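Residue-level structure breakdown
As a plain string of letters, each chain reads:
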Amino acid sequence: MSVKVCHISSAHPPFDVRIFHKECVSLAHAGYDVSLVVTHDKKEKVKGVNIIPLPQSKGRLHRMFIKTHFAFYRSLKTKSKIFHFHDPELMLVGILLKISGKKVIFDSHENVSSQIESKHWIGSKFIRKVVKSIYRAFERFSILFFDSVISVTPEIVELLSPKKGVLVRNYPIISLIDKVKGVKNKSKKTTLIYVGGLTKIRGIKEICEAISQFEQEVELRLVGPWESENFKNECLKTSNKINYFGVKPLEEVYPLINSSDIGFVTLFPEKNYLNSLPIKAFEYMACEIPMIMSDFPYWKNTFEGCAEFVNPQSVEEIKKAISVLIEDKNKANAFAIKGRNKVKSEFSWESESEKLINLYKKLEK
């Protein structure tokens, strides 16, 4: 009989790349009976995963204090042996599940305590530091209850729990990309792309302003959700060379990347980003396109030979990097080939998923 396992998220979309496509589907393929308690409009089974719907959030407080109750009771009804949650606001749920005699995994996708410093809606810098300290203390206390803690970089694993920590990097699913990625761009127009959250601290305005300064035929594709309607209008009015595609499912994103010429990963130097491994970079590499990236030392070391590095807050540097990759086809092609080879040999979910399966095998005993 298959071991029942349950993933829980109150903040992520139902078909989140890491949670659904990578972790849940991989576990289902490995023979586990997988449930996913997540915000959705109906109960259904997709790719072997039983989706159990949570109601839509009615604001941040509703999500953190009301929705978590639904998440606890609906996950408990799955009668699973292993529970795997993905949001910091669910730590109390994780503790309650552990007290109920369950095996519990906390999957921290980011360094949340550092991320708090960038959340200006929380308040002043002093208030954010206080909130960060309170959160970090609660996080350390909560981890005492959990059987394992997963994260995406060695630095976060070391911070959270060197003893319980397991590194499961957020690498792309190469087989899925190759299956749906579509055809290469053969037109004379240079097409550039950014995939992900369209926010100020991810350098979107600077990319748009750099594109607006080109006289030759270029197109900037933006794919993802905007942080606000005002910011969307602010960016789109900078140039008529911008094409916004909205929020797309994974199967439609990869053909857009593959038919583009250059990918952007120009996040601002926020503390939470400096040692991160952005999934979009690996997806660009898997689709064999060169990149323009923020000049963080960690990124320069990891992605050397695959990208032009720039100050993400400098429109002039971004414009110059675009020009280099447009004019020097040999360099752009070398970046693209090296990126694809590195993904295949070092950065694929196919190999990384084995760590997840091995962890579950240990916990099911």
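This one's a predicted model, so the numbers in the text were calculated from it and none came from an experiment. (Residues numbered from 1 in each chain as written. Predicted model: local features only at pLDDT ≥ 70, side-chain atom pairs only at ≥ 80, totals over all residues. Heavy atoms only, no water.)

Right, let's talk about the pattern of salt bridges for a bit. A side chain with one charge may pair with a side chain of the opposite charge, provided their charged atoms come close. With the rule as written, the count across this model stands at 14 salt bridges. Of the charged contacts, one joins Arg 18 and Glu 23 as a salt bridge, the two residues approaching to 3.4 Å between their closest N and O atoms. We note that Arg 18, like Glu 23, is buried. Lys 47 is paired through a salt bridge with Glu 251; the nearest N and O atoms lie 3.6 Å apart. Placement of Lys 47 in the loop between strand S3 (44-46) and strand S4 (49-54) and of Glu 251 in helix H10 (residues 250-258) is noted, with a sequence separation of 204 residues between them. Lys 47 sits in the partly exposed class, given a relative accessible area of 42%. The class for Glu 251 is partly exposed, based on a relative accessible area of 31%. Salt bridges here are not isolated pairs; linked through shared partners, they connect Arg 18, Glu 23 and Asp 107. (Salt bridge = Lys/Arg side-chain N within 4 Å of Asp/Glu carboxyl O. Buried < 20%, exposed > 50% of the residue type's maximum accessible area, 1.4 Å probe, protein only. Helix = DSSP H or I, 4+ residues; strand = E, 2+ residues; numbered from the N terminus.)

To continue, consider unusual backbone geometry. Backbone geometry at Lys 47 places phi at a positive 50 degrees, although glycine is not the residue there. Its identity as a non-glycine residue notwithstanding, Lys 79 has a phi of 55 degrees, on the positive side. Along the chain, Lys 79 falls in the loop between helix H2 (60-76) and strand S5 (82-85). A relative accessible area of 65% places Lys 79 in the exposed class.

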